Amino acid sequence: MKMPCELIVTHILPTARGALAKELVHNHGMTQVQVANLFGVTSAAVSQYIKGLRGGNNLIDKSAYREDFYNMISDTADMVADGKDLTEALCEICSFVKNSGLLKALYVYEGYSGELGVCMECPRTTITIPEGL
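What you see is a predicted model, and the numbers here were worked out from it, not measured in a lab.

Undergrad: Even after reading the chapter, I still don't get the nonpolar core, so can you show me in this structure?
TA: As a rule of thumb, soluble globular proteins bury nonpolar side chains together. Membership of the largest hydrophobic core comes to 34 residues, with the highest contact counts inside it found for I12 and F69. Those elements giving two or more residues to this core turn out to be α1 (4–28), α2 (32–39), α3 (43–51), α4 (58–62), α5 (66–81), α6 (86–100) and α7 (102–109). Among the elements that make up this core, the one with the highest residue count is α1 (9 residues). Not counting chain neighbours up to four residues away, the residues in contact with F69 comprise I12, T15, A16, I60, I93, F96 and L102.

Have a look at this one:
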């Protein structure tokens, strides 16, 4: 059985990043280069997010959670545009997925039934790399 984090990374994170990139560019006036720098990806990747070539997920779009998910993305874009840390914002999206029932829908989509994996809260550990390494 896949762990909850695996499902979120596979199905949710690309969709969230794509939708967030669209929101930041279209509704907050950020350039693709600015979004790329924020996300730590290339501007070509952001272009693919905006064109819908990367980051779409039919599971979300067909689910009962679609409207809530995209409302959260819109709110998250507002906060990121106002300076909120992107990692913290993505963690909040992950929490939404776990608490809304969307995680259970991901397990069903993957063909799992019965008792599902237990999700632990992320420790949100900061990793510091010493200079010179």
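Here the narrative resumes, following the displayed structure.
Undergrad: Which parts of the structure should I look at to understand the packing of α1 against α6?
TA: Each pair of packed helices can be summarised by the angle the axes make with each other and by the distance between the axes. Contact geometry for α1 and α6: axes closest at 11 Å, N-to-C directions at 125°. Put simply, α1 runs oblique to α6. The chirality of how α1 crosses α6 is right-handed. Of the residues in α6, those in contact with I8, I12, L13, A16 and L20 of α1 are L86, L90, I93, C94, V97 and K98.

Undergrad: Just to check I follow, could you spell out the packing of α5 against α6 for this structure?
TA: In the contact formed by α5 and α6, the axes pass within 10 Å of each other and the chain directions differ by 165°. Considered as vectors, α5 and α6 are oriented roughly antiparallel to each other. α5 and α6 meet at a crossing whose hand is right-handed. In this structure, α5 contributes D68, F69, M72, I73, T76, M79 and V80 to the contact, and α6 contributes L86, A89, E92, I93 and F96.

Thresholds, definitions, all that
- Residues numbered from 1 in each chain as written.
- Predicted model: local features only at pLDDT ≥ 70, side-chain atom pairs only at ≥ 80, totals over all residues.
- Heavy atoms only, no water.
- Core = buried A, V, L, I, M, F, W, Y, C linked by side-chain atoms within 4.5 Å.
- Buried < 20%, exposed > 50% of the residue type's maximum accessible area, 1.4 Å probe, protein only.
- Helix = DSSP H or I, 4+ residues; strand = E, 2+ residues; numbered from the N terminus.
- Contact = heavy atoms within 4.5 Å.
- Axes fitted to C-alpha atoms, helices over the stretch in contact; angles between N-to-C directions.
- Parallel < 35°, antiparallel > 145°, perpendicular 65-115°, else oblique.
- Left-handed = near helix turned anticlockwise from the far one by under 90°.

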